[in-house]
Structure formats: structure tokens, C-alpha cells
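Structural description and commentary
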Amino acid sequence: RQTLLSVVALHSKDDGYTWTYTSVVAAAEDVPYAREGPSENALAYLKNGSIIIIFRVAGESGHHNPYVSKVSDDHGLTWKYLRPLRKWKGEKDAPGCVRPRLITLGNGSLVLAGGRPNPVSHDDLLWLNAKGDGDVWRPYSVSYYHNKLTTNTSWLIPSKSVNDSRWPRYDTSYSSLVKTGQKTGYIFYGAGFRSFALHFGLS
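Keep in mind that what you see is a predicted model, and the values were worked out from it rather than measured.

With that out of the way, let us pick up the sheet that holds strand S13 (residues 194–201). Pairing within the open sheet is antiparallel, and its 3 strands lie in the order S11-S12-S13. Only two strands of the sheet have a single partner each, and these edge strands are strand S11 (176–179) and S13. When strand polarity is set aside, the average angle formed by the axes of neighbouring strands in this sheet is 25 degrees. Here S11 runs beside strand S12 (residues 184–191); their pairing, made up of 4 bridges, is antiparallel. Its bridge partner being in S12, leucine 177 is matched across the sheet by isoleucine 187.

As C-alpha cells, then:
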């Protein structure tokens, strides 16, 4: 019998030297459609001071579902409001579905990174939640801006590689986010055998 995953919260009072169990954020039974259970996750603060966690529930073997979020109003002791992330009006896909990365900018806006939004696409994406409430997310294709900004034609990301689910994948859609200012940051992502950093900022 397969052992399903769960997401748990730990806390540290000594700058990360030791950690203490706090709570179960999401158990397998909370998302019964998740074939492996809830897993990869990221935390950030909402404008109202609550903590939001966004986690993966799919993405393996052609199974795709949006990220799911929960919120804690008591520093991670309890979690509530479990819900899949909503898609931007007119978009085909909601945010998802592997390795979410999350930061809060100075005005409270949330920036989310991840990828594999559907069974075909393996693009890395950024999503902006301008209201800072974790509700609706506007998508931005990393490959689109990568190709628009690069001056080296050998670094272009071919659309057939982004939209190809066969192994070996052109990219895993596993990325990282780094905040560099109140309105700015970088996303780090792979493209073939190279890695890149793309700067972004709020207008």
C-alpha cells in the first residue's frame, strides 16, 4: 500500500538551530484526489498578518490540479480555508502545479512561482496576487519574457520544448524566488542544460 504524503508545520525559536512540531497543515484526507497526498509547499504573510501556505497536490504521471492554499491566523497552530487557487479571468489554467515558491513584496502583493500548469505545458510561470489576499492570481509566462529579452539566439526557449511532456523534460518547472527590494525580485529557472535568472518588478 502506498504511503501518502502530508504537510506539517514546524517552528524554531533559535534562528533555525532547533525545530519543534506545531501542527498538521494538510493531511492526505484533506485532498483525497491527490494521488500522492499534499506535498511541496511555500509560506508567506498576507496583508492582514495571517500566514498563507500554498502546496502541490498533483503533477505526476499526467495528473494536474491547481495548487491548494490554507491560512493560519494563530502563527501556524491551526489552519483553515482550504481551497484550490482560482484562475485569472480568460485563462485556461489556474496556478499550478509543482513546487510553489512564494514571496510577499513591500506593498503586500504576493508573487508565486512554479510550473506544469496542465498535462502538456512545462513552462515556468510567475503569478501575481496584487491584493495580497491569496485569492486571484494573474499569470506571466517565464519563457515568453525570456525569449523577448534574450540577445543570444542560442538561449531561446523553443515552444515545442515547453509544450512537450516526454522525458527527458526540457525543464522540471522547479524554480526559486528571491526578493531584492520592496517591489522587485528574481526568478531562477532552468532551460535545457542552462540556468537563468529573470528580474521582475511591480510597475
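Bringing unusual backbone geometry into the picture now. Omega for the bond connecting glycine 96 with cysteine 97 falls within 30 degrees of zero, at 0 degrees, which places this linkage in the cis form. Tracing the backbone through its elements, the reader meets cysteine 97 in the loop between strand S6 (80–84) and strand S7 (98–104). In this model, tyrosine 81 sits at a positive phi of 60 degrees, which is unusual for a non-glycine residue. The class of tyrosine 81 is exposed, set by a relative accessible area of 52%.

For the rest of this paragraph, the subject is the nonpolar core. The biggest cluster of nonpolar side chains holds 16 residues, and the ones touching the most others in it are Val111, Leu126, Leu177, Ile187 and Tyr189. Elements supplying a minimum of two residues to this core: strand S8 (110–115), strand S9 (124–129), S12 and S13. Once residues lying within four places of it in the same chain are set aside, the contact partners of valine 111 are Arg101, Leu102, Ile103, Leu105, Leu126, Trp127, Leu128, Leu177 and Phe200. Core analysis: the next-biggest nonpolar cluster, separate from the first, contains 14 residues, Ile52, Tyr67, Leu85 and Leu102 among them.

About the cut-offs
Residues numbered from 1 in each chain as written. Predicted model: local features only at pLDDT ≥ 70, side-chain atom pairs only at ≥ 80, totals over all residues. Heavy atoms only, no water. Pairing = 2+ DSSP bridges. Helix = DSSP H or I, 4+ residues; strand = E, 2+ residues; numbered from the N terminus. Axes fitted to C-alpha atoms, helices over the stretch in contact; angles between N-to-C directions. Buried < 20%, exposed > 50% of the residue type's maximum accessible area, 1.4 Å probe, protein only. Core = buried A, V, L, I, M, F, W, Y, C linked by side-chain atoms within 4.5 Å. Contact = heavy atoms within 4.5 Å.

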